[in-house]
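Tertiary structure, described
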Amino acid sequence: MIDRRSIRLTDPAALDLIAAALDAALAAVDPEEAVVRGLAEIEVEAPETVLALGKAGPAMTRGALRSLGGASTVVVVSDHPEPLPAGELLIGSHPVPDEASVAAGRALLDAAAHEGNILFLVSGGGSALAEVPADGLTLTDVATVYRLMLAHSVPIEDANTVRIHLSALKGGRLAAAAPGLVTTLAISDV
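A short tour of the structure in this document, coming up. These figures come from a predicted structure and were not determined experimentally.

So, the environment of Ala19
- Summarising the element assignment, Ala19 is placed in helix α1 (residues 12-28).
- Taking the relative accessible area as the measure of exposure, Ala19 reaches 36% and is therefore partly exposed.
- In this structure, the C-alpha to C-alpha distance between Ala19 and Leu137, residues 118 residues apart in sequence, is 50 Å.

Below is the structure:
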């Protein structure tokens, strides 16, 4: 056990200890490495399609492709451009969905409908980054509800429950669009 009172930030040994602890913490939560570890623990049939949704989508995809090899279809939806080893990267809007989010949501649904096994990688932010309004709703309807929930500080668990009812994508609907086996790995910040 380290006596915290004895650590001085000018002490090189203390700085090395702090740096090592920070490096270990960052490595433990690295999305690419988390997917590599997760896939090593489960049996996954080689997917023909990799779909990734969320802020960590590109990193998670790199881990999946590194672990499992290639896939014929790779669609990643994130919030900023980031290099991918293969596939299509779509940038959605966060925290309120926009037309780019709808285009991303439709691309995910289209890719899910292909024959073959799918690996679905999910991380935070996906609720707004990809969206397809439920029948009878418009993007304006959905975005208005999102803005109202944000303005009234609705807890994320409650907001996610509402989002499911507004969407043709959420609540398992993306997986339901897939005719093949779907394996999901998720990293949650909730």
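Re the side chain of Ser78
- Checked against the element boundaries, Ser78 lands in strand β2 (residues 73-78).
- Residue Ser78 is classed as buried on the basis of its relative accessible area of 0%.
- Among the polar contacts made by the side chain of Ser78, one reaches the main-chain carbonyl oxygen of Lys55 at a distance of 3.5 Å.

Let's talk about helix α4 (residues 99-112)
- In a regular helix each residue adds 1.5 Å, so 14 residues correspond to 20 Å; α4 covers 20 Å between its end C-alpha atoms and thus fits that length.
- Taken as a whole, α4 has its buried residues at Ser101, Val102, Ala104, Gly105, Ala107, Leu108, Leu109, Ala111 and Ala112.

What counts and what doesn't
Residues numbered from 1 in each chain as written. Predicted model: local features only at pLDDT ≥ 70, side-chain atom pairs only at ≥ 80, totals over all residues. Heavy atoms only, no water. Helix = DSSP H or I, 4+ residues; strand = E, 2+ residues; numbered from the N terminus. Buried < 20%, exposed > 50% of the residue type's maximum accessible area, 1.4 Å probe, protein only. Polar contact = N/O pair within 3.5 Å; in protein donor to acceptor, adjacent residues only side chain to side chain. Expected span 1.5 Å × (residues − 1).

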